[in-house]
Amino acid sequence: MSEHTTGGPALPQERRLVTSIPGPKSQELQRRKSASVPTGVGTTLPVYTVAAGGGVIVDVDDNSLIDFGSGIAVTTVGNSSPRVAAAVAEQAQAFTHTCFMVTPYDAYVRVAEALNRLTPGTHDKRTVLFNSGAEAVENAVKIARTHTKRQAVVVFDHAYHGRTNLTMAMTSKNMPYKSGFGPFASEVYRAPLSYPYRDHGVDGPTAARRAIDTIEKQIGADNLAALVIEPIQGEGGFIVPADGFLGTLVEWCRANGVVFVADEVQTGFARTGEMFACDHEGVVPDLIVTAKGIAGGLPLSAVTGRAEIMDAPHVGGLGGTYGGNPIACAAALAVIETIEQDGLVDRARNIGKTMVERLQSFGDARIGDIRGRGAMIAVELVKTGTTEPDADLTKAVAAAAHQQGLVVLTCGTYGNVLRFLPPLSMPDHLLVEGLDVLEQIFKDLR
Ligand SMILES: *Cc1c(COP(=O)(O)O)cnc(C)c1O
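Here the structure is a predicted model, which means the values were calculated and not measured.

**Let's talk about the overall build of the protein**
In terms of regular secondary structure, the protein is built from 13 helices and 15 strands. Its C-alpha atoms give the protein a radius of gyration of 21 Å, within 12% of the compact-globule value 22 Å for 446 residues. Across its three principal axes, the protein shows a C-alpha extent of roughly 60 × 60 × 45 Å. By residue count, 56% of the 446 residues in the protein fall in the buried class. Long-range pairs, those at least 24 residues apart, make up 73% of the contacts in the protein with a sequence separation of at least 6. Element-wise, carbon and sulfur atoms account for 52% of the exposed surface of the protein, whose accessible area totals about 17,500 Å². Across the protein, the mean location of the 39 positive side-chain charges is 4 Å away from that of the 48 negative side-chain charges.

**A short note on the site of the ligand**
The local shell around the ligand consists of Ser132, Gly133, Ala134, Tyr160, His161, Glu230, Asp263, Val265, Gln266 and Lys292. Gly133 places a main-chain nitrogen or oxygen 2.7 Å from an oxygen atom of the ligand. Asp263 places a side-chain nitrogen or oxygen 2.7 Å from a nitrogen atom of the ligand. Within the complex, the protein chains bury 82% of what would otherwise be the 380 Å² of accessible surface of the ligand. Of the residues in the shell around the ligand, the class split is three nonpolar, four polar and three charged.

**Considerations on helix 12 (residues 391-403)**
In a regular helix each residue adds 1.5 Å, so 13 residues correspond to 18 Å; helix 12 covers 18 Å between its end C-alpha atoms and thus fits that length. Those residues of helix 12 that are buried are in contact with strand 12 (376-381), strand 13 (406-407), strand 14 (409-411), strand 15 (417-420) and helix 13 (428-444). By the N-cap criterion, in which a side-chain oxygen at the helix start approaches the backbone nitrogen of a residue two or three places on, helix 12 is capped by Asp390, the distance to Asp392 being 3.4 Å. Of the residues flanking the end of helix 12, it is Gly405, one or two places downstream, whose phi is positive at about 80°.

**Some thoughts on the packing of aromatic side chains**
Scanning all chains against the criterion turns up eight aromatic pairs. On the basis of an interplanar angle of 75° and a centroid distance of 6.0 Å, the ring pair of Phe156 and Phe245 is categorised as edge-to-face. Of this pair, Phe156 sits in strand 5 (residues 152-156) while Phe245 sits in helix 8 (residues 245-256); the two residues are 89 residues apart in sequence, bridging distant segments of the chain. Pair check on accessibility: Phe156 and Phe245 agree, each one buried. Between Lys178 and the ring centre of Phe184, over which it is positioned, the NZ or CZ distance is 5.3 Å.

**Description of the pattern of salt bridges**
Enumeration over the complete set of coordinates arrives at 27 salt bridges. Between Asp369 and Arg371 there is a salt bridge; the shortest N-O distance is 2.8 Å. The exposure class of Arg371 is buried, given its relative accessible area of 9%. What emerges from the salt-bridge pattern is a single network uniting Arg198, Asp369, Arg371 and Glu380.

**What to know about the domain arrangement of the protein**
Once the domains are mapped, the protein shows domain 1 (24-77 + 343-444) and domain 2 (83-341). One C-alpha centre belongs to domain 1, the other to domain 2; they are set 25 Å apart. Contact residues are listed per partner, giving 40 residues for domain 1 and 35 residues for domain 2. Contact with domain 2 buries surface across domain 1, with Val77, Arg373 and Met376 losing the most and accounting together for 25% of the total. Where domain 1 touches domain 2, the interface holds three salt bridges. Of the charged contacts in the structure, one is a salt bridge between Glu274 and Arg349, with a shortest N-O distance of 2.8 Å.

The rules we used
- Residues numbered from 1 in each chain as written.
- Predicted model: local features only at pLDDT ≥ 70, side-chain atom pairs only at ≥ 80, totals over all residues.
- Heavy atoms only, no water.
- Helix = DSSP H or I, 4+ residues; strand = E, 2+ residues; numbered from the N terminus.
- Rg over C-alpha atoms; globule rule 2.2 N^0.38 Å.
- Buried < 20%, exposed > 50% of the residue type's maximum accessible area, 1.4 Å probe, protein only.
- Contact = heavy atoms within 4.5 Å.
- Areas by Shrake-Rupley, 256 points an atom, 1.4 Å probe, with all protein chains shown as cover.
- Lys, Arg positive; Asp, Glu negative; His and termini not counted.
- Charge placed at Lys NZ, Arg CZ, Asp CG, Glu CD.
- Near = heavy atom within 4 Å.
- Polar contact = N/O pair within 3.5 Å; in protein donor to acceptor, adjacent residues only side chain to side chain.
- Nonpolar A, V, L, I, M, F, W, Y, C, P; charged D, E, K, R; others polar.
- Expected span 1.5 Å × (residues − 1).
- Phe/Tyr/Trp six-rings, centres within 6.5 Å; stacked < 30°, edge-to-face > 60°.
- Lys NZ or Arg CZ within 6 Å of the ring centre and 35° of its normal.
- Salt bridge = Lys/Arg side-chain N within 4 Å of Asp/Glu carboxyl O.
- Domains from an automatic or database assignment.
- Buried area = accessible area lost by both parts, 1.4 Å probe.

Okay, here's the thing in C-alpha cells:
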C-alpha cells in the first residue's frame, strides 16, 4: 500500500524524537491541564497533539510518534483521512445541525442504508444514530426491552460497555470505571465468558452452556430481554472467545426469545479483518451496536437490527438532540467509502499477520498469550512459567514504548494486557519499526 492513500495530511511517516517525552511544551500544557481539568480525566501519554495522519501523531514539541492506539480504535481509516477531512469541510459549510428529529437530511438516511447493507445478515434492518458508544448500548437495551416486554439484561465477565449509569452497571471492572459512582441500574446480570487462555480445554459450546446455565438458574429466560456481548472484548483484554461460543449463545437466544446484541463498538468497521467481528464466525446478531471506527473521530454511534425489533419503541421514543449529526454522518459515509475503496478489510488482516508473526518471534516467556484478530492484537503478560498476571511489567513496557515514541495502550481486568490498534493507514515500515521498538524493550526489561 502506498503511504498516503488513506493517511491524512502528507506528514512525514517517521518516528522522530527531538525532545524527551513529554517535551517542554507538552509539560507546560499538562500543567495547565492539571489546573483546569479535573483529576478524574486521566492521561495515558501527556504529549499534546498538533497533527496526525498515516501512522504518526506529531506533538507540540515536534516529536513524531508511531501510533499503535488509533485514539482507542477510532481512527481506523487514519487521522484526518483525506475523504473524511473533505466531507467534513463540505458539510460544515452547507449546514452544521438541524436536529434530525426536527428537519431531517439525507446523510443520516444514507448512513442508515449503508449500515443496514454492511452489518451481518440479509434480513430487513433499521438503523438509529446516536453520539457515543455508551449511548447506543443504552438504546439497544431500550429497544430490546420494548420488543420483549422483559427487563433483565445479561452481560459477561470482563465486559466493557461504557461509563453512563446503565453501561457502568453492564461494565465489569470496578477500577477505574465504577468505584464510588453507584448506585447502578438494576436488572443487569453477569455470566461467565469463554476466555481460552484462562480456561484451558473448555471449548466454545461448553463455555456457552456454562453461561446459559447461570442465566437459566439466576435470571430465567422468560425474564431476559437481551444478552449483550462484545464478540471480541476490548477493554476487558482483547479476549477472543473459543469457536462456537457466540454461535451457541445466539441459538439459545433465538430459541428463548432473547434479543442477541453484539457490542461491536471497538471491533467494527474493518478493525478485525472483517467488516464486523461477528462475520468471522458467521454470527448474525439481532442488534449490533457500533461507534468508535464509524466516523474517523467524529462522535457518532449506531444501533442496527431486525426491523421488527427496531420498530418496537413508540414514535418519539428514540432520539436525541445531536444523534446522527450531519457532519458526523458525512464523515461516516467517507469512512465507509475509504474502507471499501482502499481494501482496508484486507489491510487489517495483513497488519494482524505481521504483528502476530513478529510477536511470536520474540519468544519471550513473559508473553503468556498473543491474541486478537486483524489490526486488533494484544499480548497478555505473566510472570515467567506461570499464568500469574504481571501488571507491573505491562506498565513498564508501555512507559518505555512511550519514551521511545511508540503509542501503545494497556487493558485487561488484571491490567496485564498490551493492546495494539494501529490505524489501517499505517505504512508497513512504521508497523515494523514499532515492533522493533517493542522487541528491544522486552530485551531491555530483564
Ligand atoms: C468504547 C466502548 C464503549 C463505549 O463507547 P463510548 O463512545 O466511549 O461511550 C462501549 N462498548 C465497547 C465495546 C467499547 O469499546
